[in-house]
Amino acid sequence: MDLAYIPSPSTGVIHLGPIPLRGYAFCIIIGVFVAVWLGNRRWIARGGKPGTVADIAVWAVPFGLVGGRLYHVITDYQLYFGEGRNWVDAFKIWEGGLGIWGAIALGAVGAWIGCRLRGIPLPAWADALAPGIALAQACGRWGNWFNQELYGRATDLPWAVEITAGPNRDAGTYHPTFLYESLWCIGVALLVIWADRRFTLGHGRAFALYVAAYCVGRGWIEYMRVDEAHHILGLRLNVWTSIVVFVLAVVYLVLSAKLRPGREAVVEPDRDAPGGKDGDKAAPAEADAGAAAADAQKPGPAESKAPVLTKSDPADAKAPVLTKDDPAKAEADAPEAGKR
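No experiment lies behind these values; they were computed from the predicted model shown.

Definitions and cut-offs
- Residues numbered from 1 in each chain as written.
- Predicted model: local features only at pLDDT ≥ 70, side-chain atom pairs only at ≥ 80, totals over all residues.
- Heavy atoms only, no water.
- Helix = DSSP H or I, 4+ residues; strand = E, 2+ residues; numbered from the N terminus.
- Buried < 20%, exposed > 50% of the residue type's maximum accessible area, 1.4 Å probe, protein only.
- Contact = heavy atoms within 4.5 Å.
- Areas by Shrake-Rupley, 256 points an atom, 1.4 Å probe, with all protein chains shown as cover.
- Pairing = 2+ DSSP bridges.
- Core = buried A, V, L, I, M, F, W, Y, C linked by side-chain atoms within 4.5 Å.
- Patch = residues over 30% accessible without salt bridge, like charges linked within 9 Å, V, L, I, M, F, W, Y side chains within 5 Å.
- Salt bridge = Lys/Arg side-chain N within 4 Å of Asp/Glu carboxyl O.
- Bend = angle between axes of the 7 residues up to and from the residue.

Asker: A description of the overall build of the chain should follow, citing residues and the corresponding values.
Answerer: Check the secondary structure of the chain and you find 13 helices and 6 strands. Among the 340 residues that make up the chain, the fraction classed as buried is 37%. Taking the intrachain contacts of the chain between residues at least 6 apart in sequence as the baseline, contacts between residues at least 24 apart amount to 68%. With the model as given, the accessible surface of the chain reaches about 20400 Å², and the carbon-plus-sulfur share is 66%.

Following this line, the structure appears as structure tokens:
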């Protein structure tokens, strides 16, 4: 008899009148808010402007949701297009099923569009958002708890999760792989924040570190799962995906550190400054050159006050000049004027 375990919710949806409130959706929404909040703080700390992260997230989040669902449906097509299945279920995203690989890939496309519109570098934005994405995943995994999915092999450990009988699942206590991944993602977020401060990561390296660290955890967690999945050479498809993506992330880290060391000095142009299509400071070099040319044409103070002597008029060169601004000189020249 199990004396301790994590109970699962009896239902993943609460109806507020005709409106269904789904736990899975709430976890995803909370994760998005956490990612944008932390990403905004990190973006401002790097010299960016408030609100930029949210503006680009408006592009990245919808693309990410579509990409995550597409990856899940493509890699688990038998759940929707097999015998006795209803293909309409492929659109029921609230029932669970988002592949992080597709979400990151297509979300990056949306982020690229948003960054292009704002005139900022995508790698810098990704670096600022990297730990927030990990925390968003940590929040989103609890949506699997509401749906009683993403669990591992049967176990009697005190932290096992209780799963009730349902379609394609037997009642019992199982490894809570959703909890393992949630905790792992929190650790990844802390790792990226520490490494970013310690090594001043830039040009997408903080994001690459997040990807590599997540893949390490996803590999061993995926190996524990018992739900239906495609296998290649004895390993689940997502394990192979973790290996390939991990290698790519590490290669990017090494090459980027050699080719573009350090961090971006400017992550967002001054859009509020006058001049330029995007509000940047328009052609500072040209402005400085024009100012220098104007100054060169102005006479200096010595040139404007000094007398001009020419050989064509020697008398004028010797003649005293009387001005009201020099009374002492006028008095000194007065006797000479009287002798004439």
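Asker: Could you give an account of the pairing of strand β2 (residues 19-22), with specific residues and numbers?
Answerer: Across 4 bridges, the pairing between strand β1 (residues 13-16) and β2 is antiparallel. Directly across from V13, in β2, lies its bridge partner R22. With antiparallel pairing between neighbouring strands as the criterion, β1 and β2 make up a hairpin whose turn holds 2 residues, including G17 at a positive phi of roughly 70 degrees.

Asker: Which residues make up the environment of Y151, and what values go with them?
Answerer: Following the sequence through the fold, Y151 ends up in the loop between α6 (142-146) and β3 (161-163). Distance from Y151 to E222, taken between C-alpha atoms, is 9.6 Å for residues 71 residues apart in sequence. When neighbours within four sequence positions are excluded, Y151 is seen to be in contact with V161, I163, N168, R169, Y174, H175, T177, R225 and V226.

Asker: Give me the lowdown on the nonpolar core, citing residues and values where you can.
Answerer: The biggest cluster of nonpolar side chains holds 36 residues, and the ones touching the most others in it are W43, W125, V192 and Y210. Counting only elements with at least two residues in this core, the list comes to α1 (23-45), α2 (52-75), α4 (100-118), α5 (122-140), α7 (177-199) and α8 (205-224). Here W125 is in contact with W43, T52, V53, I56, A57, A60, A111, C115 and I120, once residues within four sequence places are set aside. I6, V161, I163 and F178 belong to the second-largest nonpolar core, a separate cluster that totals 9 residues.

Asker: Could you give an account of a nonpolar patch on the surface, with specific residues and numbers?
Answerer: Taken together, the side chains of V216, I243, F246, V247, V250, V251, V254, L255 and L259 make up a nonpolar region of the molecular surface, amounting to roughly 730 Å² of accessible area. As for its position among the elements, V251 is in helix α9 (residues 237-259). Residue classification places V251 among the partly exposed positions, given a relative accessible area of 41%.

Asker: If you had to explain the pattern of salt bridges to someone new, which residues and values would you point to?
Answerer: The tally for this structure, following the rule as stated, stands at 11 salt bridges. Residues E268 and R118 are paired through a salt bridge, measuring 3.1 Å at the closest nitrogen-oxygen approach. On the criterion of sequence distance, the pair formed by E268 in the loop between α9 and α10 (284-297) and R118 in helix α4 is long-range, its members being 150 residues apart. Classification of E268 by relative accessible area gives buried; the value is 6%.

Asker: Go over α5, please, and point to the residues and values.
Answerer: Of all the bends in α5, the greatest, near 45 degrees, is centred on L129, and the proline P131 appears no more than four residues after it. Most of α5 sits inside the fold, with 15 of its 19 residues counted as buried.

Asker: Help me get a handle on the side chain of R42, residues and values and all.
Answerer: With respect to the helices and strands, the residue R42 is situated in helix α1. Once you skip the residues sitting within four places of it in the chain, R42 turns out to touch D127, A128, P131, I193 and D196.

Note that all results are geometric; they support no functional claim without further evidence.
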